[in-house]
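Structure assessment
Read off the chains here:
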Amino acid sequence: MSFPETTPDLVVVGSGLFGLTIAERAASQLDKKVLIIERRPHIGGNAYSEFDEETGIEVHKYGTHLFHTSNEKVWDYVRKFTDFTDYKHKVFGKYKGQVYSLPMNLALINQFFGKSHTPDEARALIAEQASEFKTEEAQNLEEKAISLIGRPLYEAFIKGYTAKQWEKDPKELSPDIITRLPVRYTFDNRYFNDKYEGLPVDGYTAWLERMADHPNITVMLDTDFFTVVDDYKGKVPIVYTGPVDEYFGYSAGKLSWRTVDLESEILDVDDYQGTGVVNANDPEVPFTRELEFKHLHPERADRYKPGKTVVVREYSRFAQEGDEPYYPINTADNREKILVYRDLAKKEPMVLFGGRLGTYKYLDMHMAIASALTMFENKLRPHFEDGTPLTSGGVDE
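Residues numbered from 1 in each chain as written. Predicted model: local features only at pLDDT ≥ 70, side-chain atom pairs only at ≥ 80, totals over all residues. Heavy atoms only, no water.

1. Digging into the nonpolar core
Counting residues in each nonpolar core, the largest one holds 105 residues, and the members touching the most others are Ile22, Phe67 and Trp207. Residue contributions to this core peak at nine residues, all from helix H13 (residues 365-386). (Core = buried A, V, L, I, M, F, W, Y, C linked by side-chain atoms within 4.5 Å. Buried < 20%, exposed > 50% of the residue type's maximum accessible area, 1.4 Å probe, protein only. Helix = DSSP H or I, 4+ residues; strand = E, 2+ residues; numbered from the N terminus.)

So, in structure tokens, the structure goes:
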């Protein structure tokens, strides 16, 4: 850990994509000295990846990360730091010894029901099966899901998977957890519908390091912000992307999260499952999905060691003390707490709260970048260029 020689103009707490975007823009566009304080031993947050020495395969250390966006501003921005492959993500689900193409589409419907359907026939079939419950009257997640896709598809592809994700029977979960369950009445099995999609050609870490590679940016790794907070709080603007409840000393209580355990294994085969992600829909299988990273970059095939592959199994559970928080949990208790923290954030002098942890919102990568660009243009640029008072709060304020 090395401290900057001079007082920075801006402190950014956390080096995920939100924090890196803020830091890069302030450094390159406003010529401001930026200090990034990062608790982990590396930059990049959960998007961090590294190449496995034994196999030559790039492994996403915190689970598969797939970049996609329809936001032109975000797409133009990220391409300043990396080129992208033409990778198009596809997901499959394993259920009762058979593998199906996801999201639910005409191929899955035909395969699951053992009969060819035209799009209109498939729509009629699903509508009939979904008539068991009215969506607006659903009392729990199970009833809501059945009202959208019918009981047979729900029990095969949603029930077991959801129970593992939440460690609860879907009958005990709020219907608000799902807003829609898309069914495509075509054979389109592209997982995302965004205009732009791909993976960074040189890997995520190379992309993230380029964002931080500016003479105005200093990065302090392995540093807990709260051990140095008195050096900067109230003295320079701070963009805080750590857990918002921790910032305020858990004064309104701890926010709860879901986390994932990742079990990695190197197998002595060239190809384990034929694709990057296969969901485990059977309830008796303890993990939620299996990841095989070599399939994300088929263009690197000549760099991989023959007869080797990396497989990661993902397990979902409630986060405990010391776990990495992944997904916020939308309960009445958590909603009440975050409202308190948002009010506190508005009153915190010279501090802006952003990112997934700082706002208690799940943000895809493109959403984090878009939010950071908005915060920079609407708050930081006016403050530094015109002296506009820095109004504290979160990305939505």
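Resuming the write-up.
2. What about the sheet that holds strand S9 (residues 217-220)?
As summarised here, the arrangement of the six strands in space is S9-S2-S1-S10-S16-S17, forming an open sheet in which the pairing is parallel. One side of each edge strand has no neighbouring strand; the edge strands of this open sheet are S9 and strand S17 (393-394). Where strand S10 (residues 238-240) lies against strand S16 (residues 351-353), three bridges are found, and the strand directions are parallel. By the bridge assignment, Val239 is partnered in S16 with Leu352. (Pairing = 2+ DSSP bridges.)

3. Examining the domain arrangement of the chain
The domain boundaries assigned to the chain delineate domain 1 (1-101 + 190-396) and domain 2 (104-177). Taking only C-alpha atoms into account, the centre of domain 1 sits 31 Å from that of domain 2. In this assembly, 20 residues from domain 1 lie in contact with 13 residues from domain 2. Interface area, domain 1 with domain 2, both sides summed: about 1500 Å², of which 54% is carbon and sulfur. Of all residues in domain 1, the largest losses of buried area upon contact with domain 2 belong to Tyr100, Ser101 and Asn281, amounting jointly to 36% of the total for that side. On inspection of domain 1 and its partner domain 2, the count reaches one salt bridge. Here Arg258 makes a salt bridge to Glu167, at a shortest N to O gap of 2.9 Å. At the boundary of domain 1 and domain 2, one finds eleven residue pairs in polar contact (both at pLDDT 80 or more). Those elements that place two or more of their residues in the side of domain 1 that touches domain 2 are strand S7 (98-102), strand S12 (277-280) and strand S14 (309-318). (Domains from an automatic or database assignment. Contact = heavy atoms within 4.5 Å. Buried area = accessible area lost by both parts, 1.4 Å probe. Salt bridge = Lys/Arg side-chain N within 4 Å of Asp/Glu carboxyl O. Polar contact = N/O pair within 3.5 Å; in protein donor to acceptor, adjacent residues only side chain to side chain.)

4. Considering unusual backbone geometry
Looking along the chain, the bond that leaves Leu102 and enters Pro103 is cis, with omega of -5°. Here Pro103 lies in the loop between S7 and helix H3 (106-113). With a phi close to 65°, Met350 is a non-glycine residue in the positive phi region. Note on placement: Met350 falls in the loop between helix H11 (332-346) and S16. By relative accessible area, Met350 is classed as partly exposed at 27%.

5. Section: the pairing of strand S11 (residues 257-267)
As paired elements, S11 and strand S15 (residues 327-328) share two bridges and run antiparallel to each other. In the sheet register, Arg258 faces S15, and the bridge partner there is Tyr327. Direction of pairing for S11 relative to S14: antiparallel, over a ladder of ten bridges. Among the inter-strand pairings, Glu263 is bridged to a residue of S14, identified as Arg313.

6. What to know about H3
Along H3, the positions that sit buried rather than exposed are Leu106, Leu108, Ile109 and Asn110. Residues of H3 that are buried make contact with S7, helix H4 (119-130) and helix H6 (151-157). Backbone nitrogen of Ala107 and a side-chain oxygen of the N-cap are separated by 3.1 Å at the start of H3; the cap is Asn105. Positive phi shows up at Gly114, right after H3, with a value of about 65°.

7. Thoughts on the packing of helix H1 (residues 17-30) against helix H8 (residues 204-212)
One way to put it is that H1 packs onto H8 with a least axis distance of 8 Å and a crossing angle of 35°. Taking contact as the criterion, the partners of Leu17, Leu20, Thr21 and Glu24 in H1 are, on H8, Trp207, Leu208, Met211 and Ala212. Split into classes, the residues belonging to the contact of H1 with H8 amount to six nonpolar, one polar and one charged. (Axes fitted to C-alpha atoms, helices over the stretch in contact; angles between N-to-C directions. Nonpolar A, V, L, I, M, F, W, Y, C, P; charged D, E, K, R; others polar.)

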